[in-house]
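Notes for the structure review
Residue strings, one per chain:
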Amino acid sequence: MRKFLLQLHLWIGLTAGAVLAFVGLTGSLYVFQSELTVALYPEQYKSSDPEAAPVDVRLVVRNAEKEFGASVTNIFFPVRELENYIVKVKGNKQFLFFDAATGNYVGQLEKRRGVMDTVLDLHRHLTMGDTGALITGISALLLAFVLLTTGLYLWMPRKKRNLKDGLRLKANASFKRRNFDLHNVFGFYFSVPLFLAAVTGVYFGFQEKTQTVVDKLTLAKEPTPYVKALQSTYPADGTAPLTVYQALDRMDALYLGYVRRTLTLAPDSLGTLNLTYLASSDLEAGPQDRPMVYLNQYTGDIVYDYNPHTAPLGRQLTRNWFVPIHFGEIGGWITRILWFVLGLMPAMLWVTGIVMWRGKSKKKKKRGYVKVKGGVMA
């Protein structure tokens, strides 16, 4: 059994490990996305007067429509690292930034977070779209349920007196021993955080399927709606969709006491109007309450309302907990720093695993030859 598990751990580690190493490194970088985005794009993200209260969003909408001659379709409100408003207008793919203190246009970006959105795409999709998401999702599954389980089994010493060797780096060790200890010891200490990061990562790769599993495990009475499939009822009388101003009025009437996060008008005649909120505009430790409301774009009636406090347990687990756990925000700065280091672990484990495998391969090759006078004989 041990020999079989060793081979399983080895070959899955060598193959999936390459993907996990890359995903881990990009994940480490993305842990500090908010700080890096502001540092890279201060003109777009920093308000001209951070102490001033943001102007009414309707002024920003009017300025955007006047400046670009098209109706506003998306609004991102000043929360967390973003001190300004971002809007998108019909027919323009750029993200347009407006100073929250004045309502004036200050610039644009092709991607909302610039290069950090590219980092996120690399982390989740390897820039390969759905195919990349499939690869990263399967790799995360293998990490959580194959590599970590077999790794812990192989880590367990056959004799109790050798337990300490698996918990510390041996002093004054050879390169071979030091490499083994790095793989063995760090793999053990980071096994639980790696499992949490991997399981929550699976959710982003297979969101609908993961939610179905979580719903069943938590004995949910009804399945979680797939929000991308939600639709508005097309009116027989030809009623026009809500304007962005009407949508804002509807947004103001819901989730009083919460901070507005995004408003997205329906992308087509059947889609829904999406509103999202946050419990706080600052990045805080603990689960994140993120209400999401999907409205009929013609009537403003609620099609689906995700309430972070009254939703079934399965939905609360994935929506309130998975994001802060996956990105290390769950414990504030302590876990963010820990998660930065955690992202380096798959690369370290992959490299040390390769070194161990190469060393054993060379040893087996040498055993395949018999020394004789004047040379060797196979």
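Quick caveat: nothing in here was measured; it's all calculated off a predicted structure. (Residues numbered from 1 in each chain as written. Predicted model: local features only at pLDDT ≥ 70, side-chain atom pairs only at ≥ 80, totals over all residues. Heavy atoms only, no water.)

A surface patch of nonpolar side chains, about 520 Å² in accessible area, is lined by Leu25, Trp333, Ile337, Phe340, Val341 and Leu344. Tallying contributions element by element places helix H12 (residues 333-367) first for the nonpolar patch, with five residues. Positionally, Leu25 belongs in helix H1 (residues 2-30). The partly exposed category is assigned to Leu25, whose relative accessible area is 42%. (Patch = residues over 30% accessible without salt bridge, like charges linked within 9 Å, V, L, I, M, F, W, Y side chains within 5 Å. Areas by Shrake-Rupley, 256 points an atom, 1.4 Å probe, with all protein chains shown as cover. Salt bridge = Lys/Arg side-chain N within 4 Å of Asp/Glu carboxyl O. Helix = DSSP H or I, 4+ residues; strand = E, 2+ residues; numbered from the N terminus. Buried < 20%, exposed > 50% of the residue type's maximum accessible area, 1.4 Å probe, protein only.)

A word on the sheet that holds strand S3 (residues 95-98). The eight strands lie next to each other as S4-S3-S2-S1-S5-S6-S7-S8, forming an open sheet whose pairing is antiparallel. Both outer strands of the open sheet, strand S4 (105-109) and strand S8 (302-306), are each paired with one neighbouring strand and no more. When the angles between neighbouring strand axes are averaged without regard to direction, this sheet yields 20 degrees. As paired elements, strand S2 (residues 85-89) and S3 share three bridges and run antiparallel to each other. By the bridge assignment, Ile86 is partnered in S3 with Phe97. Those strands touched by helix H4 (residues 57-68) are strand S1 (72-76), S2, S3, S4 and strand S5 (259-264), and its axis lies near 45 degrees from that of S2. Contacting strand S7 (292-296) and S8, helix H11 (residues 313-326) crosses the sheet at an angle of about 75 degrees to S8. (Pairing = 2+ DSSP bridges. Axes fitted to C-alpha atoms, helices over the stretch in contact; angles between N-to-C directions. Contact = heavy atoms within 4.5 Å.)

Next up on the list: the packing of aromatic side chains. Counted according to the given criterion, the structure contains 20 aromatic pairs. Ring geometry for Phe68 against Tyr105: centres 5.2 Å apart, planes inclined by 80 degrees, an arrangement best described as edge-to-face. A residue pair is termed long-range when its members are at least 10 positions apart, and Phe68 in helix H4 and Tyr105 in strand S4 qualify at 37 residues. Taking the relative accessible area as the measure of exposure, Tyr105 reaches 28% and is therefore partly exposed. Taking the centre distance of 5.6 Å and the plane angle of 85 degrees together, the rings of Tyr234 and Tyr298 count as edge-to-face. Of this pair, Tyr234 sits in the loop between helix H9 (207-217) and helix H10 (244-252) while Tyr298 is found in the loop between S7 and S8, placing the two residues 64 residues apart along the sequence. The exposure class assigned to Tyr298 is buried, which follows from its relative accessible area of 8%. When the ring centre of Trp333 is taken as reference, the NZ or CZ atom of Arg336 above it lies at 4.8 Å. (Phe/Tyr/Trp six-rings, centres within 6.5 Å; stacked < 30°, edge-to-face > 60°. Lys NZ or Arg CZ within 6 Å of the ring centre and 35° of its normal.)

Positionally, Trp339 belongs in helix H12. You can call Trp339 buried: its relative accessible area is 8%. Taking the C-alpha atoms as reference points, Trp339 and Ser28, separated by 311 residues in sequence, lie 6.8 Å from one another. The contact partners of Trp339, leaving out residues within four places of it in the chain, are Ser28, Val31, Pro193, Ala197, Ile325, His326, Phe327 and Gly328. Among the polar contacts made by the side chain of Trp339, one reaches the main-chain carbonyl oxygen of Ile325 at a distance of 2.9 Å. (Polar contact = N/O pair within 3.5 Å; in protein donor to acceptor, adjacent residues only side chain to side chain.)

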